[in-house]
Amino acid sequence: MSTIMTLRKYFKTLLLLIFSVFCACTTTKKEREETHTNQLIHETSPYLLKHAHNPVNWQPWSPDAFETARQQNKLVLISVGYTSCHWCTVMEEETFSNDTVARFMNNNFITIKVDREERPDIDQLYMTALQLMTGSGGWPLNIITLPNGEPIYGGTYHTKTEWLTALKSIDSIHNANPEKTSQYAQEVTKRIQALNEYTPGKTGIRLPDKESITANLVNWQKNWDQNYGGNTGSQKFMLPSTLCFLMDYATLYKEEKVPDFIELSLDNIALKGVYDHLGGGFFRYSTDERWENPHFEKMLYDNAQMLSVYAKAYKLFKKPLYKKRLVETIAFLNSDLSNDSGVFMASLDADLDSKEGAFYTFTQEEISKSITTKPELFEWYYGIKSQKKAGKTEFNLFKTQTDANFSKENNLSLSVLQELNLQWSTQLRALRAQRKKPFKDDKIVVGWNALAIKALAEAFAVTTTQSYLQQAEESYQSLMKDAWNGKILVHSYKLNSKPLSGFLDDYTYLASASLRLYTVTGKVNYLKDARLLTETALEKFTVKGSPLLKYTNEDNLISPLVTTNDGVLPSGNAVMAENLFLLSNILYEDKFKERAAKMTTAIIPDIEASPASYAYWESLQLNFAFPFYDVALVGKNSKALALELQSYNLPNTLILFNTSENTIPIFEDRWQENQTLIYICEQRSCKYPVETVEETLDLLNY
């Protein structure tokens, strides 16, 4: 901790030296495109192409850029962002498009632009540096490094004046005392390297027990927002891994208070402003504690995971609202993010014509012209009244209560309210349809698509809607055809793009999707794919002396990356450990479960220190702490029975079926020609087989 504080103290001193004020003029976008073109014009990333006509001499990330910096003895300026990021767009338009700012950048720095969705390894590396230096992070991520890549400065959004002031001061400080900045860069780099070292302890495998999991949860509960759900704070992220873990925890522990908190969170997310009530789908996060005011970008990974969340939530709570959000979000993915190949594009921009949320919000004049039936009631229903009281003049839609409660409070039948809402929604959708649509990042990110495929399979399991399963399988086939050659998986692709090697997340998420497809179809090719992807990842990403895996198999960065925490996306290591656990139970391969246990052991100190940051790992801990049941169904009617079982929320349970005799270890010697039998096994020891779902449920004793 003392090292971190020293780094931050030095960094604050550096910031205090940044004091000069500088103003500059701007040119129009059209003039820039006629005047300026940089190396990014040869890229295919929509985010990089947004900057291709900046007067800044941007280059894509490459060893050549750092070699040029060494030869010219210049600092390197690395700017990382993504297409749908609002503040990235603002900084591009007001700062990187400015000729005077660009002139100073070009004369004094080697400038590199990075799409974090193409190179999450670079993003994670320098986000760690930023957090060490400042204690916070965000995008755009702007880092200044020595020619060897070691960082000396980091920040997020800067105004034009702040940016030029910072650059001048840093350049001056470095030129005056390069030895000091070099020493500082080395200290930051050493700390980054230390954070990515995971060596096993001498105690061997130490698996969690029920009491330790509860103790972690109690520690975590102090940060729960008991009024609006989610964690306390002025910003709210949906954190799917957290919601899924808590649902399983509540089921296994038969806890009474946790389900109330889960419902509070799920209801607010489904009803408030982070959900698009006209177009379906979830925005990235809320900028307030009530979930009312979103950051308006829509990401594939958020929507894919929230499908899984609400599928699981519907199993547990049986609320029609949760199923409705599930169905609507799939419709959104198909209408707005799917492409002709049957896979999903990355995101929709938050901005429209340089204005955040302009596609999704409405003025009072627009509402008055569009809503002609009971306009006063409409304004209460969709939170317009409260927004007016807060002084807003442009309004996003959110609900403050369920339809059942609103109709009762306003002396309406539920059917009348639903008819009114249909009229209102139709009228506002017609208004939206007249607008230009937000910019779409059309690259295909393999790991995010794997999350969507898994979610579609889970949506099928809970709804039995055959089209969801068909789409999951077709998307999977398209992804495997374009991204996997049997040995190497690519990370992202689009027409004419250069292949980018897959990261740990891509392999583990896709293997997880393969396993989920196997459980709902019984098709052995998915099981084979899951094993091959898993074994390939183990070969590519293993770290010598550690049970955990590195994020990338390339070693050309200033530090190896071993990412373990679960944020808006689950850790690739956590998903790998879960995949190994499940494969071991299906294939009876002890080495897989042993590796999963070692990985789980290695992460226990981190979970104890910050349980809110490791929810996917905590779900895996439940598998070790409670009995885990392999439910193997064999016989001609096994598919129907298995899918009926999968409609229940059954944590710590792997449900598999087989409609013909085969030699997969979990099914071996269990086939009976004229019977459908259900074997309930724990640690490969099976109870006497039963024949009905009811009998099976009775035997699952946690």
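Not measured: the values here are computed from a predicted model. (Residues numbered from 1 in each chain as written. Predicted model: local features only at pLDDT ≥ 70, side-chain atom pairs only at ≥ 80, totals over all residues. Heavy atoms only, no water.)

Enquirer: Tell me about the pairing of strand 3 (residues 109–115), and please be specific about residues and values.
Expert: Across a regular strand the side chains alternate sides, sitting on one face of the sheet and then on the other. Most of strand 3 is tucked away, with seven of its seven residues classed as buried. Here strand 3 shows no split at all, with Phe-109, Thr-111, Lys-113 and Asp-115 on one side and Ile-110, Ile-112 and Val-114 on the other all buried. Where strand 1 (residues 59–60) meets strand 3, two bridges bridge the pair, whose relative direction is parallel. Following the sheet pairing, Pro-60 is matched in strand 3 by Lys-113. The pairing of strand 2 (residues 75–81) with strand 3 spans seven bridges and is parallel. Counted as the bridge partner of Val-76 is Ile-110 from strand 3. (Buried < 20%, exposed > 50% of the residue type's maximum accessible area, 1.4 Å probe, protein only. Helix = DSSP H or I, 4+ residues; strand = E, 2+ residues; numbered from the N terminus. Pairing = 2+ DSSP bridges.)

Enquirer: Tell me what's going on with the state of the cysteines, and back it up with residues and numbers.
Expert: Considering all chains together, one arrives at two disulfides under this definition. Disulfide pairing places Cys-85 opposite Cys-88 at an S-S distance of 2.4 Å. Here the S-S torsion is close to 80°, and the disulfide linking Cys-85 with Cys-88 is therefore right-handed. For Cys-88, a relative accessible area of 2% translates into the label buried. A sulfur-sulfur separation of 2.0 Å characterises the disulfide bridge that pairs Cys-681 with Cys-686. Looking along the S-S bond of the Cys-681-Cys-686 disulfide, the torsion reads about 95°, which is the right-handed sense. (Disulfide = S-S within 2.5 Å.)

Enquirer: I'd like to hear about unusual backbone geometry, residue by residue, with values.
Expert: A cis amide bond, omega 5°, links Trp-139 with the succeeding residue Pro-140. Along the chain, Pro-140 turns up in the loop between helix 7 (120–134) and strand 4 (141–145). At Asp-353, a position not held by glycine, the phi torsion is positive, near 50°. Looking at where Asp-353 falls in the secondary structure, it is placed in the loop between strand 11 (351–352) and strand 12 (355–356).

Enquirer: Outline the sheet that holds strand 18 (residues 629–634), listing residues and values.
Expert: Across the sheet, four strands lie side by side as 19-18-20-21; this open sheet has mixed pairing. Taken across any chain shown, the strands that pair with only one partner, and hence form the sheet edges, are strand 19 (653–658) and strand 21 (685–686).

Enquirer: Describe in detail the environment of Gln-193, supporting the description with residues and values.
Expert: Relative to the helices and strands, Gln-193 is located in helix 9 (residues 178–195). Taking the C-alpha atoms as reference, Gln-193 lies 6.9 Å from Pro-560; in sequence the two are 367 residues apart. Leaving out residues up to four positions away in the same chain, Gln-193 has contacts with Ile-558 and Ser-559. Within polar-contact distance, the side chain of Gln-193 engages the backbone oxygen of Ile-558 at 2.8 Å. (Contact = heavy atoms within 4.5 Å. Polar contact = N/O pair within 3.5 Å; in protein donor to acceptor, adjacent residues only side chain to side chain.)

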